[in-house]
Amino acid sequence: MKSAIIGYPRIGTNRELKFQTEAYFRKEKTEEELKQVGKDLRQKHWEKERDARVDYIPSNDFSFYDQVLDTAILLNAIPNRYRALNLSPLDVMFAMARGHQQGDKDVHALPMKKWFNTNYHYLVPELSDPKEIKLVGTKPFDEYKEAKVLGIETKPVLIGPFTFLQLASYQEGLNKNAFVQPLIKAYQQLLHQFDTLGTEWIQIDEPALVYDLTEEDQKLFTQLYEEILRHKQHVNVQLQTYFGDVRDVYQTLQTLPFDAIGLDVIEGVYNIELIKTYGFDQSKVLFLGLVNGKNIWRNNYKRSLDIINQIKPHVGEIVLSSSSSLLHVPYTVKSERHLSAEYVRYFSFAEEKITELHELSQLVDVTDVAADECFINNQQLFENARTEVDQHVRERVARLTSQDFKRSPSLHERKKRQQERLKLPLLPTTTIGSFPQTADVKDNRRDFKAGEKTADAYHCFNKDKVKACIKWQEALGLDVLVHGEYERNDMVEYFGEQLNGFIFTSHAWVQSYGTRCVKPPIVWGDVSRRAPMTVDYATYAQSLTKLPVKGMLTGPITIFNWSFPREDLPVKATVAQIALAIREEVLDLEEAGIGIIQIDEAALREKLPLRQSDWHTNYLDWAIPLFRLTHAKVKPETQIHTHMCYSEFTDIIHDIDAMDADVITFESSRSNLELLQTLKAVDFKMAVGPGVYDIHSPRIPSVPELKTTIEYILSVLPIENIWINPDCGLKTRGEKEVDQSLKHLVNAIQFVRETIVYENV
Ligand SMILES: Nc1nc2c(c(=O)[nH]1)N[C@@H](CNc1ccc(C(=O)N[C@@H](CCC(=O)N[C@@H](CCC(=O)N[C@@H](CCC(=O)O)C(=O)O)C(=O)O)C(=O)O)cc1)CN2
Ligand code: MET
Ligand SMILES: [Zn+2]
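Residues numbered from 1 in each chain as written. Chains lettered and ligands numbered in written order. Predicted model: local features only at pLDDT ≥ 70, side-chain atom pairs only at ≥ 80, totals over all residues.

For the protein chain, the name recorded in an unreviewed UniProt entry is 5-methyltetrahydropteroyltriglutamate--homocysteine methyltransferase, with Halolactibacillus alkaliphilus as its organism. Its UniProt record, at the heading Catalytic activity (unreviewed entry), says of the protein chain: "5-methyltetrahydropteroyltri-L-glutamate + L-homocysteine = tetrahydropteroyltri-L-glutamate + L-methionine". For the record of the protein chain, the UniProt heading Pathway (unreviewed entry) holds the text "Amino-acid biosynthesis; L-methionine biosynthesis via de novo pathway; L-methionine from L-homocysteine (MetE route): step 1/1." (UniProt positions renumbered as here; feature names shortened; annotations may be inferred.)

Peer 1: When you look at the site of ligand 1 in this model, what are you seeing that I'm missing?
Peer 2: Ligand 1 sits among 20 residues. The nearest are N489, S512, R516, V518 and W562. Those elements that provide at least two residues to the shell around ligand 1 are α18 (439-449), β16 (510-513) and β17 (516-518). Residue composition of the shell around ligand 1, grouped by class: 7 nonpolar, 5 polar and 8 charged. (Near = placed C-beta within 6 Å. Helix = DSSP H or I, 4+ residues; strand = E, 2+ residues; numbered from the N terminus. Nonpolar A, V, L, I, M, F, W, Y, C, P; charged D, E, K, R; others polar.)

Peer 1: How should the UniProt feature "binding site: Zn(2+)" (unreviewed entry) in the protein chain be read in this particular structure?
Peer 2: Feature annotation in UniProt places "binding site: Zn(2+)" (unreviewed entry) on H643, C645, E667 and C728, given in this structure's numbering. Annotated residues spanning 86 residues; largest pairwise C-alpha distance 8.5 Å, indicating a single compact cluster. When you line up the elements, C645 lands in the loop between β21 (639-644) and α25 (653-657). A tally of 25 C-beta atoms within 10 Å means that C645 is categorised as buried. If we skip the residues at most four places from it in the chain, C645 touches A602, E667 and C728. Among the secondary structure elements, C728 is positioned in the loop between α27 (703-716) and α28 (735-760). On the basis of neighbour count, C728 is assigned to the buried category, with 25 C-beta atoms found within 10 Å. Beyond its immediate stretch of four places on either side in the chain, C728 contacts I432, C645, E667, G691 and I695. (Buried ≥ 20, exposed ≤ 12 C-beta atoms within 10 Å, placed from the backbone. Contact = placed C-beta atoms within 7 Å.)

Peer 1: In this structure, what is going on with the sheet that holds strand β10 (residues 201-205)? I would like to understand it.
Peer 2: For sheets, the rule is that strands pair by backbone hydrogen bonds, running either parallel or antiparallel. Taken together, the 8 strands give an open sheet; going across it, the order is β1-β14-β13-β12-β11-β10-β8-β2, and neighbouring strands pair in parallel fashion. Every other strand in the sheet has two partners, leaving β1 (2-4) and β2 (57-59) as the edge strands with one partner each. Across the sheet, the mean angle from the axis of one strand to that of its neighbour is 30°, orientation sign disregarded. As paired strands, strand β8 (residues 154-159) and β10 are joined by 3 bridges and run parallel to one another. Bridged to V157 within β10 is Q203. (Pairing = 2+ DSSP bridges. Axes fitted to C-alpha atoms, helices over the stretch in contact; angles between N-to-C directions.)

Peer 1: What am I meant to see in the packing of helix α19 (residues 455-476) against helix α21 (residues 535-543) here?
Peer 2: When two helices pack together, their arrangement is given by the angle between the helix axes and the distance between those axes. Interhelical geometry of α19 versus α21 gives an angle of 40° and a closest axis separation of 10 Å. Here α19 is positioned oblique relative to α21, judged by the angle of their axes. With respect to the hand of their crossing, α19 and α21 are arranged in right-handed fashion. Facing α19, whose interface residues are K463, V466 and I470, α21 presents Y537, Y540 and A541. (Parallel < 35°, antiparallel > 145°, perpendicular 65-115°, else oblique. Left-handed = near helix turned anticlockwise from the far one by under 90°.)

Peer 1: Would you mind going over the pairing of β16 with me for this structure?
Peer 2: The two faces of the sheet receive side chains in turn, since in a regular strand these alternate between them. In terms of strand pairing, β16 meets β17 through 3 bridges, oriented antiparallel. Following the sheet pairing, Y513 is matched in β17 by R516. Hairpin remark: β16 followed by β17, antiparallel, with 2 residues in the connecting loop; positive phi at G514, about 50°.

Peer 1: Whenever I open this one, the site of ligand 2 confuses me. Can you help?
Peer 2: Neighbouring residues of ligand 2: 13 residues in total, closest I432, G433, S434, A602 and G729. Looking at side-chain class alone, the shell around ligand 2 contains 6 nonpolar, 4 polar and 3 charged residues.

Peer 1: Which parts of the structure should I look at to understand the sheet that holds β21?
Peer 2: Sheet architecture is open: 5 strands sit in the order β19-β20-β21-β22-β23, paired in parallel fashion. Whereas interior strands pair on both sides, the edge strands pair on one side only; in this sheet they are β19 (550-554) and β23 (687-690). When strand polarity is set aside, the average angle formed by the axes of neighbouring strands in this sheet is 20°.

Peer 1: What's the story with the UniProt feature "binding site: Zn(2+) 1" (unreviewed entry) in the protein chain in this structure? I'm lost.
Peer 2: The UniProt record marks H643, C645, H654, E667 and C728 with the feature "binding site: Zn(2+) 1" (unreviewed entry), using the residue numbering of this structure. Tracing the sequence through the fold places E667 in the loop between β22 (663-666) and α26 (675-681). By C-beta crowding, E667 is classed as buried, having 25 other C-beta atoms within 10 Å. When residues no more than four places from it in sequence are discounted, the contact partners of E667 are C645, Y646, S647, G691, D727 and C728.

Peer 1: It is not clear to me how the packing of helix α23 (residues 571-591) against helix α24 (residues 616-631) should be interpreted in this structure. Could you clarify?
Peer 2: One way to put it is that α23 packs onto α24 with a least axis distance of 7 Å and a crossing angle of 20°. What the angle tells us is that α23 and α24 run roughly parallel. Seen along the crossing, α23 lies across α24 with a hand that is right-handed. For the pair α23 and α24, contact is made by K572, V575, A576, A579, I582, R583 and V586 and by W622, A623, L626, L629, T630 and H631, respectively. Counted by class, the contact of α23 with α24 contains 9 nonpolar, 2 polar and 2 charged residues.

Structure follows, in structure tokens:
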């Protein structure tokens, strides 16, 4: 059997691409130098895959920022405001990704959204003129040729037109339909050009097929591919899906003239049923995704061989594949020099996964598998239960009763008591928690972790930062302060490092967006709290000021969703354990006199099942109560905040309300505050802080634009329910940017407050 992968990570084993790109942003590297870094990385990856004997090696899976943005540019979907900047193509791309502000030029970045149910973010293409949509780029051809020169035949990867249309945004008055014909033409040309190049295979990714599809969606999909494939000649076309099953179009896929279909049988377990029930066109190749592209555990060869054997009778040729792109896992366990071998042998990152694929593809053809050394070694990992059980934690979870999940008194009553205690002004201003993680902050942590600095010196430095941060916020005139999160490498990893049951890595970076990466901790065993995790810094910060300082925690759903989960325990069981640990922390903060506690659930929306029928039963029905578990026992006068990064929760607004926090802040500036109308429509009760500017871009918002935003918010929601804040934490920004942006924010709010007072006289 042959093997394939859908895509490989691209940030570099040591995040070379991140560091070089950021250096380019700072103008310390030239365009040529940056392009060379990309070229070297591509070569390294192709050679690695070739040496691991991957039969179908992807190309065009590389990107300097994001593959959806690349696709938009390939198809000429570049809004005029970016063209008008008169920048080089590379800088136009970065302007679309990050915004651009220089002299009198000032454009926002495109909106950024979650890539399906992952922590990766893509830029939302903006479609405004069907006449403009055409194949203008050459990236897929260039990278194919680049590999060819190295003697490597690759399979170029493209995002398909159906997914592209589903993910794009449309100018008023336009919708998908207007863009169907130009897209068909562009993809026909793509195929034709690959024919000319003699390319053997291309892979067209259509992950949007795993959503619930309406009849109209299904028609659109069929129409697109009937036309695109009508004049297909030499190049073989593989239609690739991932992150779920394709129940709505399974039979359509069989009848369309694809040469291969790629199905994920990890998240899309139901695909196995579909194959067994409806069969599989024998003239097509099945790319069978059974090495998990999103988790980091070794593949269980016995289970994989079982799946292959179940499917084999129904299918012609099978190629073994990853279940998704390997973009979502780190590079290699070889970089983990500090983790004990006892752990490491259970892990498989991208490099190990391509080896697993090769081993599996060999094992399929072995007659006596049970006697095969490679198989035996693999099975040893799965024979004995891996972890000990923490009986104490399991009992605590089992003993929870409905009272543990219910906060009283009512929100309305709490609001009065909290206002008596906090005495906040109208339209209170605050920030989301983190302040810039400048080089000195990171160096301090690096020195400490490398053993070059004592714990005392490490914390001393951080406390000085906290002190300066409090003074800074007081000078700015903010109302509710934060300590700045200087002691945290990341809002999830920090807690992972301190909780029993988690292990953490030193180099296992995964791209989150652009040059930003995360190092998700790994859930190894049962989770519990060893000791208070945040109380020291919180009380220290509060001791420096009379203004309230928010205690800052990450919620259990987000800690879980941004970790690599264990697979031997139901998800909700692990989340319940984390929730108990966070509850202890919440109560300790309250006990220490912290009056406002923020429990971030930035990732709540992310793992909402892709199919609506699963939303409640598989997720919200336990996730929302487990959030309440963390704060249900606090006093009425303790104010609970939560924060969410991605505000697409119109559909689940009642579930958000049921979290029963007192205040929620959320990202909204890149999505034009669309959520506000929903909040108004459902008479949302919690106080809300809709982010008034986008912190993911270095662009500084002006006072007039902030005023306009605030006035708009005031026109929709009741004034006594509104908080004013940026849309997320400030850790990725520079100090100067933050200072200016927050000055503008305070300036704008002072003006608005004065006009309101004036109008009310
Ligand atoms: N887990 C998670 N997911 C999230 C978010 C988030 O905050 N956390 N936010 C949303 C947006 N995504 C984001 C993801 C990453 C970052 C981010 O800033 N990441 C940092 C890394 C943060 C970190 O863990 N830093 C470490 C490591 C620092 C470091 O770079 N160390 C060097 C050595 C020091 C040096 O010389 O630079 C190294 O390891 O090589 C630390 O501070 O300790 C980055 O990519 O730059 C921001 C937003 C959605 N998903
Ligand atoms: C990604 S959500 C971030 C929340 C966190 N408190 C911060 O400000 O960084
Ligand atoms: Zn956020």
